[in-house]
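# Descriptive structure summary
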Amino acid sequence: MDSKEEEETGKEALKAYAALIEYRYTLDPSLAVLGERRIPRETRNVASVRRFVRDIATDWNTSEDPPEIAELLVSELVTNAIAHGSSDVPDPTAIRIRTIREKELMTVDAA
């Protein structure tokens, strides 16, 4: 590949990356919020968040593995939010967990 082809390939890769970033981090208001919950910022509440997310994944008929995968990932996410969360959020004593669905993709965020 010559330098001109490499430059064009690089430009196309940057365009694709920019589109991905815009898609990934732009919250579309038409997305379905499946559930939202606030918990006190305490490690004893991680188990209840795992159950909350697993139940939502099960209710929405995901395949066999995603409820367990979602449960594991949200456990790590909430544990990190408790340990490293910012005090600059609206309620520094609580964590908000939100589960969103867009087609077959289920997203869980914690803030």
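In the block above lies the structure referred to throughout.
Here the structure is a predicted model, which means the values were calculated and not measured.

## Concerning the overall build of the chain
- Check the secondary structure of the chain and you find 3 helices and 3 strands.
- Along the chain, helices and strands appear, N-terminal first, in the series α-β-α-α-β-β.
- Out of the 111 residues in the chain, the part that is buried amounts to 25%.
- For the chain, restricting intrachain contacts to residue pairs at least 6 apart in sequence, the fraction spanning at least 24 positions comes to 64%.
- Accessible surface for the chain amounts to roughly 8100 Å². Of this, 54% is attributable to carbon and sulfur atoms.

## Some thoughts on the sheet that holds strand E1 (residues 32-40)
- Spatially, E1-E2-E3 is the arrangement adopted by the 3 strands of the open sheet, whose pairing is antiparallel. What marks the edges here is a single partner per strand, and that holds for E1 and strand E3 (105-110). Within the sheet, the average angular offset between the axes of one strand and its neighbour, ignoring direction, is 15°.
- Here strand E2 (residues 94-102) runs beside E3; their pairing, made up of 6 bridges, is antiparallel. Bridge pairing in E3 links Ile-100 to Thr-107.
- Each of E1, E2 and E3 touches helix H2 (residues 46-59); the most contacted strand, E1, lies at about 170° to it.

## With respect to the nonpolar core
- Core analysis: the biggest nonpolar cluster contains 14 residues, and Ile-39, Val-49, Val-53, Val-78, Ile-95 and Ile-97 have the highest contact counts within it.
- Only E1, H2, helix H3 (65-84) and E2 provide two or more residues apiece to this core.
- Apart from the residues within four sequence positions on either side, Val-78 is in contact with Ile-39, Val-46, Val-49, Ile-95 and Ile-97.

## Here's the deal with H2
- Here H2 contains 14 residues, and its C-alpha end-to-end distance of 20 Å stays within 8% of the 20 Å for a straight helix at 1.5 Å per residue.
- Within H2 the residues assigned to the buried category are Val-46, Ser-48, Val-49, Phe-52, Val-53, Ile-56 and Ala-57.
- A positive phi of about 55° marks Asn-61, the residue just after H2.

## Quick word on the side chain of Ser-75
- Considering the arrangement of structural elements, one finds Ser-75 in helix H3.
- The exposure class assigned to Ser-75 is buried, which follows from its relative accessible area of 15%.
- In contact with Ser-75, other than residues within four places in its own chain, are Val-46 and Arg-50.

## Considerations on the pattern of salt bridges
- Inspection of the entire model under this criterion finds 6 salt bridges.
- Between Glu-71 and Arg-54 there is a salt bridge, with its nearest N and O atoms 3.3 Å apart. Note that Glu-71 is positioned in helix H3 and Arg-54 in helix H2, a separation of 17 residues in sequence.
- Taking the relative accessible area as the measure of exposure, Glu-71 reaches 16% and is therefore buried.

## Concerning the pairing of E2
- For E2, a buried count of 7 out of 9 residues is recorded, marking the element as mostly surrounded by other parts of the structure.
- Of the pairings in the sheet, the one linking E1 to E2 comprises 8 bridges and is antiparallel in character. Bridging across to E2, Pro-40 finds its partner in Ala-94.

What counts and how
- Along each chain, the written sequence defines residue order, and numbers are assigned to residues from 1.
- Under the rules for a predicted model, residues below a pLDDT of 70 receive no local features and side-chain atom pairs below 80 are neither given nor counted, while totals for whole chains, interfaces and linings still include all residues.
- Only heavy atoms go into the side-chain values, all of them from the structure, while hydrogens and water stay out.
- Numbering goes from the N terminus for both helices and strands, where a helix is a DSSP run of H or I of at least four residues and a strand is a run of E of at least two.
- Here's how the labels work: a residue is buried when its accessible area is under 20% of the maximum for its type, exposed when over 50%, partly exposed in between, all with a 1.4 Å probe on protein chains only.
- Throughout, a residue-residue contact means that at least one pair of heavy atoms, one from each residue, lies within 4.5 Å.
- Accessible surface is estimated by sampling points in the Shrake-Rupley manner with a 1.4 Å probe; for residues, cover comes only from the protein chains shown.
- Two strands are counted as paired when DSSP detects at least two bridges linking them.
- Geometry is summarised by axes, namely lines fitted to C-alpha atoms with helices restricted to the contacting stretch, and by angles between N-to-C directions that run from 0 to 180 degrees.
- As used in this record, nonpolar core signifies buried Ala, Val, Leu, Ile, Met, Phe, Trp, Tyr and Cys residues forming a set joined through side-chain atoms within 4.5 Å.
- Each residue after the first adds 1.5 Å to the expected span of a helix.
- When a carboxyl oxygen of Asp or Glu is within 4 Å of a side-chain nitrogen of Lys or Arg, the pair counts as a salt bridge.

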